[in-house]
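Reading the structure
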Amino acid sequence: MTKPSILSCEKVTVAFDGFKAVQGMDLALQPGELRFLIGPNGAGKTTMLDVVCGKVKPVSGKVTFHAKSGSIDITKRKEHKIAELGIGRKFQTPSIFAGLTVEENLEIAMSQNRGVWAALRTTAMKKAERERIDAELSLIGLGDQRALRAGRLSHGQKQWLEIGMMLLQEPEILLLDEPVAGMTDKETEKTGELLQEIVRKRTVVVVEHDMAFVRNFASKVTVMHEGKLLKEGTMDEVQRDDRVAEVYLGRRRDVDAVG
Amino acid sequence: MMLQALTAPRTRKLWLLLGYAAAAAALFSAPLYLSDFRLNLLAKFLAFAIVALGLDLIWGYTGILSLGHGVFFGLGAYAMGMHLKLAAAGGRLPDFMDWSGVTKLPWFWAPFESFGVAVLLGILIPAALALFLGFFTFRNRIRGVYFTILTQALVIITVTLFIGQQAYTGGTNGLTGFTKLFGQGLKTDGMKTGLYLATVIVLIGAFVLCRYLVKSRFGKVLRAIRDGENRVRFLGFDPAMYQMAAFAISAALAGIAGMLFVLHVGIISPSMMAIVPSIEMILWVAIGGRGALVGAVIGAVALNYAKSSLSESYPEIWTFFLGGLFIVATVFLPGGIVGLAKQIGPLFRRKEAVHDQALNPVLRESNRSV
Amino acid sequence: ACGGNEKGNASPSASASPSASASSGASAGEGGDTVKVGILHSLSGTMAISEVTVKNSELMAIDEINAKGGVLGKKIEPVIEDGASDWPTFAEKARKLLSEDKVATVFGGWTSASRKAMLPVFEELKGLLWYPVQYEGLESSPYIFYAGATTNQQIVPSIDYLLEQGKKKMFLLGSDYVFPRTANKIIKAQLAAKGGEAVAEEYTPLGYTDYSTIIAKIKSAKPDVVYNTLNGDSNVAFFKQLKDAGIAAKDLTTVSVSIAEEEVKGIGADILAGHLVAWNYYQTTDTPENKTFVENFKKKYGADSVTSDPMEAGYTAVHLWAAAVEKAGSFDVEKVKEAAKGIEWNAPEGKVTIDGDNQHIYKTVRIGEIQSDGMIKELWNSGSPVKPDPYLKTYDWAKGLSGGS
Amino acid sequence: MEMWLTQLFNGLSVSSILLLIALGLSITFGLMKIINMAHGEFIMIGSYAAYVTQNVFKSALPKSAFDAYFPVAIVVSFAVAFAIGYLLEATLIRFLYGRPLDSLLATWGVGLVLQQVARSIFGAPNVAVTSPSWLDGGMRIMDGVVFPYKRLFIIGLVLVCLLAMYLYIYRSGPGRRMRAVMQNREMAACLGISTRRVDGMTFAIGSGIAGIAGCALSLIGAIGPTIGTNYIVDAFMVVVLGGVGKLVGTVAGALGIGMFNTLFEWWSTASLGKVFVFVLIVAFLQWRTMGLFAVKTRSLD
Amino acid sequence: MLSVERLEAGYGESVILRDVSIRVEPGQVVCLMGRNGVGKSTLVKSIMGLLKTKRGSVSFKGDDLARRAPGQRARRGIGYVPQGREIFAQLTVRENLRIGLEASRDRKRRQAKEIPAEALAKFPALKEMYERRGGDLSGGQQQQLAFARALAAEPELLLLDEPTEGIQPSIVQDIEDVIRSIRDEGRTSILLVEQSLEFVRSVGDRFYIMEKGAIVWEGVREELDDPMVMRYLTV
Ligand SMILES: Nc1ncnc2c1ncn2[C@@H]1O[C@H](COP(=O)(O)OP(=O)(O)OP(=O)(O)O)[C@@H](O)[C@H]1O
Ligand SMILES: Nc1ncnc2c1ncn2[C@@H]1O[C@H](COP(=O)(O)OP(=O)(O)OP(=O)(O)O)[C@@H](O)[C@H]1O
Ligand SMILES: NC(N)=O
Ligand SMILES: [Mg+2]
Ligand SMILES: [Mg+2]
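The rules behind these values
- Residues numbered from 1 in each chain as written.
- Chains lettered and ligands numbered in written order.
- Predicted model: local features only at pLDDT ≥ 70, side-chain atom pairs only at ≥ 80, totals over all residues.
- Heavy atoms only, no water.
- Helix = DSSP H or I, 4+ residues; strand = E, 2+ residues; numbered from the N terminus.
- Buried < 20%, exposed > 50% of the residue type's maximum accessible area, 1.4 Å probe, protein only.
- Areas by Shrake-Rupley, 256 points an atom, 1.4 Å probe, with all protein chains shown as cover.
- pLDDT = per-residue confidence, 0-100.
- Contact = heavy atoms within 4.5 Å.
- Donors = N, O, S within 2.8 Å, 3.2 Å for Na, K, Ca; no water.
- Salt bridge = Lys/Arg side-chain N within 4 Å of Asp/Glu carboxyl O.
- Polar contact = N/O pair within 3.5 Å; in protein donor to acceptor, adjacent residues only side chain to side chain.
- Pairing = 2+ DSSP bridges.
- Axes fitted to C-alpha atoms, helices over the stretch in contact; angles between N-to-C directions.
- UniProt positions renumbered as here; feature names shortened; annotations may be inferred.
- Buried area = accessible area lost by both parts, 1.4 Å probe.
- Core = buried A, V, L, I, M, F, W, Y, C linked by side-chain atoms within 4.5 Å.
- Domains from an automatic or database assignment.
- Disulfide = S-S within 2.5 Å.
- Parallel < 35°, antiparallel > 145°, perpendicular 65-115°, else oblique.
- Left-handed = near helix turned anticlockwise from the far one by under 90°.
- Nonpolar A, V, L, I, M, F, W, Y, C, P; charged D, E, K, R; others polar.
- Expected span 1.5 Å × (residues − 1).
- Phe/Tyr/Trp six-rings, centres within 6.5 Å; stacked < 30°, edge-to-face > 60°.
- Lys NZ or Arg CZ within 6 Å of the ring centre and 35° of its normal.
- Patch = residues over 30% accessible without salt bridge, like charges linked within 9 Å, V, L, I, M, F, W, Y side chains within 5 Å.

**Topic: the overall build of chain B**
Looking only at helices and strands, chain B has 18 helices and 2 strands in total. In chain B, buried positions account for 62% of the 370 residues. Surface summary for chain B: the accessible area is close to 13,100 Å², and the carbon and sulfur share equals 71%.

Structure follows, in structure tokens:
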């Protein structure tokens with residue numbers, strides 16, 4: 001805990017009709033960190049991301065975003081304000097705008113003035129914006145589909161599109177919920193490389209179940225179980241933990257053998 | 001290759017432009033070839049087309065179904081009606097007030113003495129009401145049918161109040177008996193042609209405005225809201241602001257249409273703000289093809305034309321045909337009249353409607369939002 | 001002539017519009033051996049329950065006239081249009097009838113709103129409208145003939161009748177629209193001047209169907225009479241529910257001004273028996289003309305069908321127009337109007353006369369009681385036709401009613 | 001005291017009628033997501049079915065049997081509306097799943113056609129149904145407080161319909177299949193459910209219940225081609241206010257609107273009472289944006 | 001068991017699959033691989049009957065399925081775990097499973113009040129969530145539910161579209177075990193769409209690789225070597 005954290009969650013508890021999905025969870029992120037959040041299905045990972053991006057309000061606990069201008073209590077902000085602060089989110093099931101073209105999806109996601117007036121006055125994309133989108137399109141491999149309605153993309157292509165949108169949004173903190181689900185191994189690798197690229201400029205939290213992926217790219221891993229923090233540390237430390245093995249990784253497999 | 005890519009969209013644009021120009025020319029020259037009666041009808045339909053444009057903006061593009069646009073239409077119409085009534089009264093009290101025991105012109109009637117103020121209020125009052133309603137509902141994230149029902153409640157509240165305040169609104173009879181505009185007789189040939197042409201110009205203006213809106217980034221955000229309101233939120237936009245803006249613009253257009261309607265038809269009464277007219281407005285857009293501005297215009301004109309001519313030809317059973325038309329249109333023209341152009345073998349395709357996302361994603365998506 | 005519709009002749013419409021008649025010089029509605037007239041009622045929508053029967057009686061009158069050789073030797077050809085219970089549609093169709101079909105006259109309308117919507121069209125195109133329903137008065141357009149009762153031919157005398165019977169406390173119940181509100185305003189002034197009392201005034205939205213609370217209010221107000229200006233479906237709900245609440249005609253007098261034989265049929269005579277109504281005509285009205293009228297009507301529309309006041313008014317209107325045309329010797333609107341002044345005709349309701357001053361009609365007022373067979377028994381009548389006074393100028397107590405001017 | 005009792009009963013009675021007209025819609029709209037603008041016309045069908053049944057009894061059976069017509073009429077109303085609903089589903093509605101807005105347009109057309117059919121068959125004016133004598137009069141609770149038998153009967157009928165619907169939807173195999181199909185038609189099909197049959201049955205049941213409502217309403221209201229228009233808005237209000245897709249919501253919606261309406265109407269006037277109720281609905285939705293019993297989901301939208 | 005011959009299918013106007021032929025023999029686990037968007041899910045949907053085949057045929061146990069609706073195919077013994085889970089969100093876990101029983105060919109089982117125990121044996125965690133609504137479960141829990149739901153009807157052919165997506169490693173192992181045990185029992189054949197090479201190598205008997213809507217490679221486990229992978233599965 002040398003550097004001041006950019007985001008800190010303290011004792012966050014979330015309940016749905018009495019069911020506690022997250023209980024007293026702590027999480028602190030350093031600027032420029034690539035953090036992996038793992039844990040069994042239903043551990044509360046997605047819910048935790050929901051809290052950070054404002055989708056779910058915790059019943060108790062504090063979530064503080066340490067911006068340059070000062071600390072901000074996230075739990076009191078509306079979603080779009082949180083997004084404006086610089087917290088971006090990719091959802092577990094791909095959620096893109098099905099009726100818009102691939103290109104339009106990216107255009108909207110692109111960092112910009114998001115007020116009504118500004119939008120009313122913008123008719124055509126500026127040259128710089130065009131170029132950014134073109135670059136993004138080739139990065140996510142959807143150049144040929146740029147004019148296609150996004151609803152017609154395959155599952156994996158939608159994933160890519162959403163990642164592309166997140167990158168154009170240029171958030172300070174990027175929350176990725178299972179970004180490589182449904183991708184081929186090679187694509188997974190490519191995504192990982194992309195992540196390392198991104199993390200130079202921002203902080204990233206990734207929720208994943210693909211251990212090979214986690215292993216290859218993670219420096220620090222947080223393990224959740226039943227809404228609580230189970231273990232935090234390097235991948236090696238986590239792997240060696242018996243409880244993690246028991247509830248999450250599985251008994252037999254030697255994780256080192258993966259890949 | 002390069003050249004082709006450049007020219008293809010361009011020629012299409014050229015054709016489109018040509019089409020618009022031809023349509024505009026046909027409209028402007030209508031007084032030359034249409035009878036008095038038909039011209040009056042067309043003028044009314046064109047006024048309806050303006051409401052349809054606004055509805056398309058809020059429904060087709062933003063995915064918000066308002067069954068309350070009759071109110072906005074009516075408020076605009078009443079604004080103009082009040083002006084005309086005062087003009088007809090020529091400085092005295094409007095006749096219905098007189099009979100209702102009102103002795104002095106109510107304060108809120110006074111501003112409508114001026115044509116300019118009346119027009120302004122005819123636009124601003126609907127827009128302000130829409131903003132007011134939108135401010136609460138959109139910020140509270142009232143969506144889908146819940147919003148739709150809320151607009152129906154708005155209709156019922158407004159209509160009941162207008163009926164109840166007979167001394168100030170003319171009650172169920174509404175406002176009629178208009179005679180003059182700008183001191184000129186309303187029924188002179190020159191005035192009628194002038195009003196018709198004014199309607200054409202306003203319609204074109206509204207069309208250009210809406211086109212600009214949907215092509216701008218604002219329009220893209222609206223469509224994004226239609227597809228996934230929350231997702232838009234997490235991108236940093238405040239959907240409520242966009243929805244409010246779209247709703248208010250849409251209401252203002254309805255108000256404008258209402259003003260023109262009164263000038264052509266000579267009556268506004270609460271029944272024109274009620275549930276049925278409000279639903280009919282939606283039907284125009286649906287038949288024309290939502291999510292396409294031309295569709296809204298075509299739908300409003302075509303459907304009203306069909307209604308008029310069907311009821312002229314079969315006065316006793318025309319609702320059979322009109323109802324049948326709706327049924328056939330939804331089953332066989334899911335994209336509306338405009339969608340018809342885009343699909344050739346609809347008969348065969350309907351069978352796989354459930355899986356057929358490719359057919360018309362806009363349609364499916366906007367459908368989903370209710 | 002074309003009723004002063006200069007544009008109709010001057011514009012090139014004849015060549016462009018397929019429906020425009022080729023003989024552009026011909027008189028209004030005249031084409032060879034026939035003359036067109038418009039019939040404009042709601043044949044669809046919520047008002048069709050009332051208006052369709054009026055259309056039927058008007059058509060029957062036309063048949064009768066045609067059977068006798070028509071008017072001025074021409075057969076009448078009705079052009080039927082549907083007002084669709086929508087007021088702007090009434091205006092649209094009126095315009096169509098006058099300027100496209102060039103009809104000689106129009107019979108139509110029921111609600112005041114529909115009449116108000118048509119009025120400017122008739123005044124603009126100088127066409128003629130015959131309006132067959134009782135209404136709230138306060139109107140006198142030079143292009144409309146009012147064949148139904150105005151307030152002093154129905155409301156006012158019925159209140160006088162009730163007061164004479166010693167019924168002073170009145171509960172005013174109406175649908176929320178112009179006719180009931182205006183009628184009640186008049187009634188309140190009349191009661192105030194003549195020692196009666198309006199204990200309550202209630203309006204329910206058109207189409208309202210639950211009267212339990214209203215009935216509770218009636219119970220607690222304990223009036224002598226419920227003066228009922230409800231319209232349409234609401235009447236069915238009100239009377240069915242009144243009966244269920246254990247209130248029969250013997251317990252509480254009601255007087256209705258919008259329930260005629262047709263409505264009785266739709267509510268059920270068992271429910272309405274004993275309740276009072278006020279009109280100018282009943283199926284039972286004892287005149288030779290009515291006998292044939294009812295007979296012919298049943299012959300044409302079935303033995304089950306009944307006749308009612310608005311139907312009779314519509315029927316009478318057609319005959320009055322024909323008489324006026326014959327007298328004028330022309331279909332020209334202005335000439336017909338001129339000729340119509342003072343025309344008398346023996347209608348099913350008795351002798352009627354067109355009042356030249358306001359184009360209303362002298363009508364006999366009748367209070368009746370609904371019988372268990374669905375017919376209405378006359379209890380009282382005004383003896384002679386009452387002169388129409390749409391603005392109630394001849395009634396002292398009505399002076400304060402309008403705002404002054 | 002007696003006024004309170006009467007008004008409480010009236011409130012309950014109004015609620016029961018609202019519930020009756022909304023129950024069928026809670027299926028066709030609440031579960032199937034068909035914006036069924038022809039719902040009012042199915043009520044109308046039920047009323048006319050009662051009228052026809054009555055006429056048959058009048059003309060074909062001895063006078064003494066007349067009073068028995070009403071139970072028969074309920075069954076006939078259900079059956080006729082059910083059959084027409086089934087037919088409609090098979091020929092039209094099935095093209096409209098997942099397209100609620102198109103369903104609005106098409107069912108609006110269906111409503112127009114059905115009204116015209118009724119007008120052509122039965123004539124434009126209203127027709128009368130004579131209620132059976134055993135429903136005449138009322139139960140005397142105390143001096144000045146009478147609970148009409150018809151109202152009591154309707155309350156009872158609603159309870160029976162409600163119970164039957166509850167058992168069917170939430171406690172039976174067909175009901176489970178129905179809910180599965182309504183939530184995810186494609187997946188239900190993939191799991192071996194005959195979606196065509198379930199769809200047809202569901203719409204037909206919703207229509208049939210509207211038919212029962214029409215039959216019951218013939219006791220206290222008008223019977224004419226356009227009576228559906230009197231009920232349609234209220235029916236939607238009830239279903240939506242309670243929370244779309246929840247039977248308990250529909251009950252709550254009906255009770256809420258019915259009670260408040262009666263209360264406001266007592267305090268003010270029928271028109272103002274209506275305004276108050278609708279203002280209250282608008283205000284209420286600000287607080288409960290998805291109705292009283294919102295269906296909560298984790299999904300993004 | 002299942003034989004797809006020269007299938008052509010797609011969405012509306014757009015044809016995705018061209019001339020696709022695959023076979024699944026009884027008791028086999030056949031794996032279908034390919035990059036995102038090549039048409040794997042489309043093929044599975046066509047087999048299930050969710051998409052209309054434009055040309056070619058799908059036959060199961062010797063019958064042509066062309067005219068059969070998805071429900072009929074399910075009742076003939078095809079089980080389906082779709083990509084994206086498609087849980088009935090408003091139904092409880094129990095109800096979801098009971099819907100799964102609908103396709104049973106055994107009448108008793110179809111009308112059973114309780115979920116047969118062996119259907120749940122492979123996913124014990126579900127039992128604890130019986131009364132919760134399907135939509136409330138986490139992604140991985142839903143995936144398990146979808147799997148169990150498909151197994152409830154004892155299908156003869158199971159179509160699995162990326163069943164391990166979003167599943168925690170230990171359960172992926174369990175699923176692997178489940179698939180293996182199903183294979184060992186020999187009563188159910190499996191067509192598995194899967195991205196993880198490691199996973200398919202450990203359970204698959206035969207392999208198909210797709211590219212742009214066509215089968216470009218087929219073979220057995222030993223033939224699925226690194227050059228093959230490099231060629232068809234890298235980006
Ligand atoms: N809206 C809700 N209502 C009820 N329960 C919920 C809701 N949202 C989440 N839960 C429950 O909270 C728990 C945590 O869910 P969450 O989605 O956060 O898990 P997760 O760690 O993301 O799992 P996975 O890896 O499977 O995606 C789960 O048991 C889930 O069922
Ligand atoms: N509903 C749809 N409408 C139109 N086109 C679609 C639809 N779904 C998929 N497609 C198109 O079909 C092609 C194949 O999609 P499919 O879902 O079969 O891919 P996949 O191989 O399963 O990919 P993934 O691994 O990403 O799931 C894609 O190019 C996609 O654009
Ligand atoms: N004129 C009437 N009764 O509305
Ligand atoms: Mg998750
Ligand atoms: Mg796939």
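Now, onward.
**Re the confidence of the model for chain B**
The share of residues in chain B with pLDDT of 70 or more is 89%, and the mean pLDDT across the chain is 87. Here residues 344-370 of chain B scores under 50 on pLDDT; set against residues more than four positions off or in separate chains, the count is 58 contacts.

**Structural notes on the coordination of the magnesium ion (ligand 5)**
All names here are of chain E. Within the protein, the magnesium ion (ligand 5) binds to Ser 41 (OG) and Gln 83 (OE1); these donor distances fall in the range 1.9 to 2.1 Å. With a gap of 42 residues between them, Ser 41 in helix H1 (residues 40-48) and Gln 83 in the loop between strand S6 (78-81) and helix H3 (93-100) connect regions that are remote in the sequence. The two residues Ser 41 and Gln 83 agree in class, both being buried.

**Points about the interface of chain B and chain D**
Counting from both sides, the interface comprises 49 residues of chain B and, opposite them, 43 residues of chain D. Here Arg 290 of chain B and Asp 102 of chain D are joined by a salt bridge, their closest N and O atoms 3.1 Å apart. Counting across the chain B and chain D interface gives 7 residue pairs in polar contact (both at pLDDT 80 or more). At the level of elements, helix H6 (115-139), helix H7 (144-164), helix H11 (229-234), helix H13 (275-288), helix H15 (318-332) and helix H18 (361-368) of chain B are the ones that each hand at least two residues to the side of chain B that touches chain D. The element contributing the most residues to the side of chain B that touches chain D is H7 of chain B, with 10 residues.

**A look at the sheet that holds strand S5 (residues 70-73) of chain A**
Strands pair in a sheet through their backbones, by hydrogen bonds, and they do so in one of two ways: parallel or antiparallel. Residue and element names in this part refer to chain A. Within the open sheet, the 4 strands sit side by side as S2-S1-S4-S5. Their pairing is antiparallel. Sheet topology places strand S2 (19-29) and S5 at the edges, where each strand pairs with a single neighbour. Here the average twist between neighbouring strands, direction ignored, is 25°. Pairing of strand S1 (residues 7-16) with S2, which is carried by 7 bridges, proceeds in the antiparallel orientation. Of the residues in S2, the one forming a bridge with Ser 8 is Ala 28. This element, helix H1 (residues 45-53), spans S1, S2 and strand S4 (60-67) of the sheet and lies at about 115° to S1.

**Describing the UniProt feature "transmembrane region" (unreviewed entry) in chain B**
All names here are of chain B. UniProt annotation of "transmembrane region" (unreviewed entry) refers to residues 39-59, 71-94, 114-138, 145-164, 195-214, 283-305 and 317-341 when read in the numbering used here. Secondary structure content for residues 71-94 is 79% helix and 0% strand, and the end C-alpha separation is 23 Å. Helix makes up 100% of residues 195-214 and strand 0%. Its end C-alpha atoms lie 28 Å apart.

**What to know about the side chain of Lys 93 of chain C**
Within the element layout of this structure, Lys 93 of chain C appears in helix H4 (residues 87-99). Beyond its immediate chain neighbours, meaning those up to four positions away, Lys 93 of chain C contacts Ser 308, Ser 311 and Glu 312 of chain B together with Leu 40, Glu 81 and Asp 82 of chain C.

**Considerations on the interface of chain C and chain D**
Counting from both sides, the interface comprises 38 residues of chain C and, opposite them, 41 residues of chain D. Among the residues of chain C in contact with chain D, Thr 213, Lys 240 and Asp 244 of chain C are the three that bury the most area, contributing 20% of the side total. Between Lys 150 of chain D and Asp 244 of chain C there is a salt bridge; the shortest N-O distance is 2.7 Å. Linking chain C to chain D there are 14 residue pairs in polar contact (both at pLDDT 80 or more). Elements supplying a minimum of two residues to the side of chain C that touches chain D: helix H3 (48-67), strand S8 (197-204), helix H8 (212-221), helix H9 (233-244) and helix H10 (261-267) of chain C.

**Overview of the nonpolar core**
Among the nonpolar cores identified, the biggest contains 415 residues, and Leu 161 of chain A, Phe 218 of chain B, Phe 238 and Trp 321 of chain C together with Leu 43 of chain E are the most heavily contacted of them. Both domains that meet at this core, namely domain 1 (1-86 + 174-179 + 203-259) and domain 2 (92-170) of chain A, each give it at least three residues. Excluding residues within four positions of it along the chain, Leu 161 of chain A makes contact with Ile 96, Val 102, Asn 105, Leu 106, Ile 140, Leu 142, Ala 150 and Leu 153 of chain A. Of all hydrophobic cores here, the second largest spans 47 residues; its members include Cys 31, Ile 87, Ile 115 and Ile 209 of chain E.

**Side note on the state of the cysteines**
Residue and element names in this part refer to chain D. In the structure shown here, the tally under the stated rule is 0 disulfides over all chains. Among the cysteines around Cys 215, which has no disulfide bond, Cys 161 carries the closest sulfur, lying 10 Å off. Judged by relative accessible area, which is 0%, Cys 215 ranks as buried.

**A look at the packing of helix H4 (residues 69-89) of chain B against helix H12 (residues 239-265) of chain B**
Residues and elements named next belong to chain B. At a minimum axis distance of 6 Å, the contact between H4 and H12 shows a crossing angle of 45°. Between H4 and H12, the crossing angle belongs to the class labelled oblique. The handedness of the crossing between H4 and H12 comes out as right-handed. Two secondary-structure elements touch here, H4 through His 69, Phe 72, Phe 73, Gly 76, Ala 77, Met 80, Gly 81 and Leu 84 and H12 through Phe 247, Ser 250, Ala 251, Ala 254, Gly 255, Ala 257, Gly 258, Met 259, Phe 261, Val 262 and Leu 263. Residues belonging to the contact of H4 with H12 are distributed by class as follows: 13 nonpolar, 6 polar and no charged.

**A short note on helix H13 (residues 309-328) of chain C**
Residue and element names in this part refer to chain C. If you check H13, its first and last C-alpha atoms are 28 Å apart, about what 20 residues at 1.5 Å a residue would give, namely 28 Å. The buried fraction of H13 is high, at 16 of 20 residues. Among the residues trailing H13, Gly 329 stands out with phi positive, at a value near 70°.

**A few points about the UniProt feature "transmembrane region" (unreviewed entry) in chain D**
Residues and elements named next belong to chain D. In the numbering adopted here, UniProt assigns the feature "transmembrane region" (unreviewed entry) to residues 12-35, 68-88, 152-170, 203-223, 235-263 and 275-295. Overall, residues 68-88 shows 95% helix and 0% strand. The separation of its end C-alpha atoms is 31 Å. Annotated as residues 203-223, this span is 71% helix and 0% strand, and its ends, taken at the C-alpha atoms, are 23 Å apart.

**Concerning the packing of aromatic side chains**
This model, assessed by the stated rule, comprises 58 aromatic pairs over all chains. The interplanar angle of 85° and the centroid separation of 5.3 Å between the aromatic rings of Trp 107 of chain B and Phe 108 of chain B together place this pair among those described as edge-to-face. Aromatic rings pair up to connect Tyr 281, Phe 293, Phe 297, Tyr 301, Tyr 315 and Trp 345 of chain C into one cluster. The ring of Phe 237 of chain B is capped by Arg 114 of chain A, whose NZ or CZ atom sits 5.5 Å from the centre of that ring. Just above the ring of Trp 287 of chain D sits the side chain of Arg 288 of chain D; from NZ or CZ to the centre is 5.3 Å.

**Let's talk about unusual backbone geometry**
Leaving glycine out, the prevailing phi sign among residues is negative, and the prevailing peptide bond configuration is trans. Its identity as a non-glycine residue notwithstanding, Lys 222 of chain C has a phi of 45°, on the positive side. Among the secondary structure elements, Lys 222 of chain C is positioned in the loop between H8 and strand S9 (225-229). Even without glycine at this site, Glu 154 of chain E takes up a positive phi of about 50°. You can see Glu 154 of chain E is positioned in the loop between helix H7 (139-152) and strand S7 (157-161).

**Structural notes on the sheet that holds S6 of chain E**
Residue and element names in this part refer to chain E. The strand order across the open sheet built from 6 strands is S6-S7-S8-S3-S9-S10, with neighbouring strands paired in mixed fashion. On the outer flanks of this sheet lie S6 and strand S10 (214-220), each paired with one strand and no other. The mean inter-strand angle of the sheet, taken between neighbouring strand axes irrespective of direction, is 15°. Relative to S10, strand S9 (residues 206-211) is paired through 6 bridges, and the arrangement is antiparallel. Pairing of Ile 209 across the sheet is with Trp 217, part of S10. In the packing of helix H8 (residues 169-185) onto the sheet, the strands contacted are strand S3 (29-33), S7 and strand S8 (189-193), and the crossing angle to S8 comes to about 150°.

**Digging into a nonpolar patch on the surface**
All names here are of chain B. Side chains of Phe 132, Phe 135 and Phe 136 sit close together on the surface and give an oily, nonpolar patch of about 300 Å² of accessible area. Considering the arrangement of structural elements, one finds Phe 132 in helix H6. Judged by relative accessible area, which is 53%, Phe 132 ranks as exposed.

**Focus on the packing of H4 of chain C against helix H5 (residues 112-125) of chain C**
All names here are of chain C. Two numbers describe how H4 lies on H5: the axes approach to 8 Å, and their chain directions differ by 30°. With respect to H5, the element H4 is oriented roughly parallel. Handedness of the crossing formed by H4 with H5: right-handed. In this structure, H4 contributes Trp 87, Phe 90, Ala 91, Ala 94, Arg 95, Leu 98 and Ser 99 to the contact, and H5 contributes Ala 113, Ser 114, Ala 117, Met 118, Val 121, Phe 122, Glu 124 and Leu 125. Residues that form the contact of H4 with H5 fall into these classes: 11 nonpolar, 2 polar and 2 charged.

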